[in-house]
Each structure stands twice: as structure tokens, then as C-alpha cells.
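# Architecture at a glance
So the chains spell out like this:
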Amino acid sequence: MKSRWTIRKKLLVLMLLTLAPFAVVGAVWSGWLLSEEQERVRSFTLDLARFAALEVDDVVNQAEALLTGLAEAPPIRRLDTKGSDALLSRLLPRYPSYENIIAVDTKGRMYGTGLLDPWKKKAFLGDRAWFQAAMRSDSLIVGDPIYGRVKGKPVVMLAYPVKDDSGRRVGTVSVALGLLLIQKVLAEVPIPGDGIITVFNPDGRVLARTADPEEWVLKDLSQTELFKGIAPLGSGFFEGTGLDGVRRVMAFVRPKRPPWIVMVTIPSSHAYTRFWQSFWAQALSILGALSLAVLLAGLFGRGLIRSFARLTERARAVAGGRLERGGVPEGAEREVAELFESFD
């Protein structure tokens, strides 16, 4: 015999079908919210990266302003060792983030320094890449990260050309910018949660990192998939696995002055917190509505089924020849009551 659907089952299906459009609308709405949230996270993370890049630019601009002024100072232009030492040694204490300020002639010999060390007359810097680049340029040069020969700390050399009254190049004036300064500047960027800001040089070396800098600064990441992906690009945003193995949203930009890359990363779980809170609130609302529908269908169906069961008994009684009046069961629905009355 072919199985028949019970009234209760039909009522339950009817309730679910009634709520189904709301569930579909909820799913579509959640998809739209996710798309909106992804765009918000993208814009927010890129804005943070741009802000951090501006801070890095400001560090370089301040150094350039100092070097531009020093390049015009008479002792520096005249290659006056005594006068240059006196000038630079007075200035250096005012800039605690600079490991040293030096003047170097065209042959690579240092003739002025802020650190009055006895060995400075013997110091030869002509073999340094930053010096060689500075001798070929008429503007500011930002060197690669190195360990300073005086203090042994990681620095970046910023060099500016020095010319005499006739316009002839006579040397360079430079600052050894301690990478700790960049670290301090980035620490002031209001990045949320476990967000991390990392600064790379063009060769993939880490210049600064707001998380575990001792472990990461000057680390070569040129062969990592992450750096290979961002190195050819000017800026961008993507989501993937960060250097620490955590899934993150990542935005990167290039500052205007130094040829570096500034990257901001935020754990995806934190970046999309607002969306997931809204999603789960909506999901629980829909689940609650479905649960209530099932409960109501069960309660309503139970009374209706009880009435039909009694009606079935009355029909069987009539079929068996028992024609006594049975009355209408209390609480019976109007349509069912009419059926009972027709039997009587």
C-alpha cells in the first residue's frame, strides 16, 4: 500500500516552505554583507598601510632636511676636518635616533664625524655601496641596511652630495639612520588586534617589524612566496597566510621617498569580527524562527490530528451500524465540528 503523508508532516512542510524564502533572503543578504565587509576591510587595511608609509616618508624627509642644510655648511664644503668634527659632534646629540653623522670626501675618506673616535682619520668608506651610489647622484641616496662599523647596530645610510662654491662635487654628508627609529615610528600607528607592520627593502630584507623585531630585522625574505608576490607590484591587497603562519588580510604600499615596501597585516579572524557577529546573530534568528515553526506545527497538528482520529472512529462506528449520537468533541475546529454534526 502506498504510504500517505500525515497531516502533521504536511503542516510541518508547509511551515518550512513558508519560511524558506526568508532563509534565502537571509543568505543573499549575508552574501551582500560579506562583500561590503570585504571592501571595508580592504579600504581600512590599505589606509593603514598608506598612513604607515607616510610616517616612513617623514623619517626620510627629516633626514634629508638635515643633510641638505649640512651640505651648505662652510666647514663641510671646505673639507675642513676640525670644523666638520666640531659641527657634527654638536649636532649628533640632538638626533638620538642617528647612530652617526659623517662627511666623506670623493675618495671615500671620512673627514668629519659626530663621534669623535681616534680611528676616524683611518676610516675608509669608498667600498660601501651607498657611498658609490651617492657619488653618482645629485639627490638623496637611501642605502641598503648594514651593520654600522662604529656601534655594530643595524642602520640605513642616507647620503646627500656636497659641492663647493664652483658646483664641483667634493664629497657627501650622511646620516646612519638607526632602524630602531623606524620601529618606534611604526609602533605609533593605530593598528588593531594582532596586526603587524613590516617594512622591506627592495631586496627583501626586513628593515622594521612591529612584532618580534629582534627575530625579524635584517632577515632575508627575498625567497619567500609572500615577498615574491608583492615585489613586482606598487601596491595591493590580498588575503593569505602570513609570515607567522596565521591567515591574514594584507595590504602593501610603497613610500614616496625610500624604495621600500610597507606592509600591514591583520588576522582575518579579527578583521571580519563585525561581519561574523552580524552573521551569527542573523543565523540564530533564522534558526529560532525555524524551531518555533516546528514547535507550532507540532502543537497545532496534534490537536487537529486528535480531532480527525475521533472523526475516523465515528465514521467506523457508523459503518458498523452504530448510529447513536456522539456529539462534537470539545475544542474541535469549525470544519471538523461540522463533519461531526453531519454524522449526527
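Structure's up top.
I will try to describe carefully the structure that is included in this document. Predicted model, so just to flag it, every value in this text is computed and none were measured.

## A look at empty space enclosed by the protein
Evaluated as defined, the whole model comprises one cavity of 30 Å³ or more. A volume near 50 Å³ is recorded for the largest cavity. Forming the walls of the largest cavity are T198, R209, L226, G242, L243, D244, R248, M250, M263 and T265. Among the secondary structure elements, those contributing two or more residues to the lining of the largest cavity are β9 (247-253) and β10 (261-267). When the residues that make up the lining of the largest cavity are grouped by side-chain class, the tally is four nonpolar, three polar and three charged.

## Comments concerning the environment of K219
By the secondary structure assignment, K219 is in the loop between α6 (213-216) and α7 (225-230). For the pair K219 and V206, spaced 13 residues apart in the sequence, the C-alpha separation amounts to 5.5 Å. With sequence-adjacent residues up to four places away left out, K219 is seen in contact with G204, R205 and V206.

## Observations concerning the sheet that holds strand β1 (residues 98-105)
As summarised here, the arrangement of the five strands in space is β2-β1-β5-β4-β3, forming an open sheet in which the pairing is antiparallel. Strands at the two margins of the open sheet, each flanked by one partner only, are β2 (110-113) and β3 (141-147). With strand direction ignored, the average angle separating the axes of adjacent strands in the sheet is 25°. Summarising the sheet, β3 and strand β4 (residues 154-163) pair through five bridges and their orientation is antiparallel.

## Side note on the sheet that holds β10
An order of β7-β6-β10-β9-β8 is seen for the five strands of this open sheet, with the pairing classed as antiparallel. At either end of the open sheet lies a strand with only one pairing partner, and these are β7 (206-209) and β8 (236-241). The mean angle between the axes of side-by-side strands here comes to 25°, regardless of whether they run parallel or antiparallel. Bridge analysis of β8 against β9 gives six bridges, and the strand direction is antiparallel. Following the sheet pairing, G236 is matched in β9 by F252. Contacts from helix α5 (residues 179-187) reach β6 (196-200) and β7, with the element oriented near 40° to β7.

## Side note on the pattern of salt bridges
With the rule as written, the count across this model stands at 11 salt bridges. The partner of R168 in a salt bridge is D164, with the nearest N and O atoms 3.1 Å apart. According to the relative accessible area criterion, R168 is exposed, its value standing at 52%. Taking the relative accessible area as the measure of exposure, D164 reaches 15% and is therefore buried. The structure contains a network of salt bridges with shared partners spanning E72, R77 and D165.

## Considerations on the layout of surface pockets
As a volume, the largest pocket reaches approximately 360 Å³. If you trace the largest pocket, you find 15 residues lining it, with P154, G178, L179, L180 and Q183 closest to the centre. Of all the secondary structure elements, the ones that give two or more residues to the lining of the largest pocket are α5 and α6. No other element matches α5, which puts five residues into the lining of the largest pocket. Partitioning the lining of the largest pocket into residue classes produces eight nonpolar, three polar and four charged.

## What to know about the packing of aromatic side chains
One pass over the full model with this rule turns up four aromatic pairs. Seen from their ring centres, F200 and F227 are 5.5 Å apart, and the 50° between their planes marks the pair as tilted. Linking F200 in strand β6 with F227 in helix α7, this pair joins segments that are 27 residues apart in sequence. Exposure remark for F200: the relative accessible area of 0% places this residue in the buried category. Where F238 meets F252, the ring centres are 6.4 Å apart and the plane angle is 65°; that geometry is what we call edge-to-face. Pair noted here: F238 is in strand β8 and F252 is in strand β9, with a separation of 14 residues, a long-range link. Judged by relative accessible area, which is 28%, F238 ranks as partly exposed. The ring of W216 is capped by K219, whose NZ or CZ atom sits 4.4 Å from the centre of that ring.

About the thresholds
Residues numbered from 1 in each chain as written. Predicted model: local features only at pLDDT ≥ 70, side-chain atom pairs only at ≥ 80, totals over all residues. Heavy atoms only, no water. 1 Å grid on protein atoms, 1.4 Å probe; cavity = no way out; pocket = protein on both sides within 12 Å on 5 of 7 lines; lining within 4 Å. Points joined across faces, edges and corners; volume = space filled by probe spheres on them. Helix = DSSP H or I, 4+ residues; strand = E, 2+ residues; numbered from the N terminus. Nonpolar A, V, L, I, M, F, W, Y, C, P; charged D, E, K, R; others polar. Contact = heavy atoms within 4.5 Å. Pairing = 2+ DSSP bridges. Axes fitted to C-alpha atoms, helices over the stretch in contact; angles between N-to-C directions. Salt bridge = Lys/Arg side-chain N within 4 Å of Asp/Glu carboxyl O. Buried < 20%, exposed > 50% of the residue type's maximum accessible area, 1.4 Å probe, protein only. Phe/Tyr/Trp six-rings, centres within 6.5 Å; stacked < 30°, edge-to-face > 60°. Lys NZ or Arg CZ within 6 Å of the ring centre and 35° of its normal.

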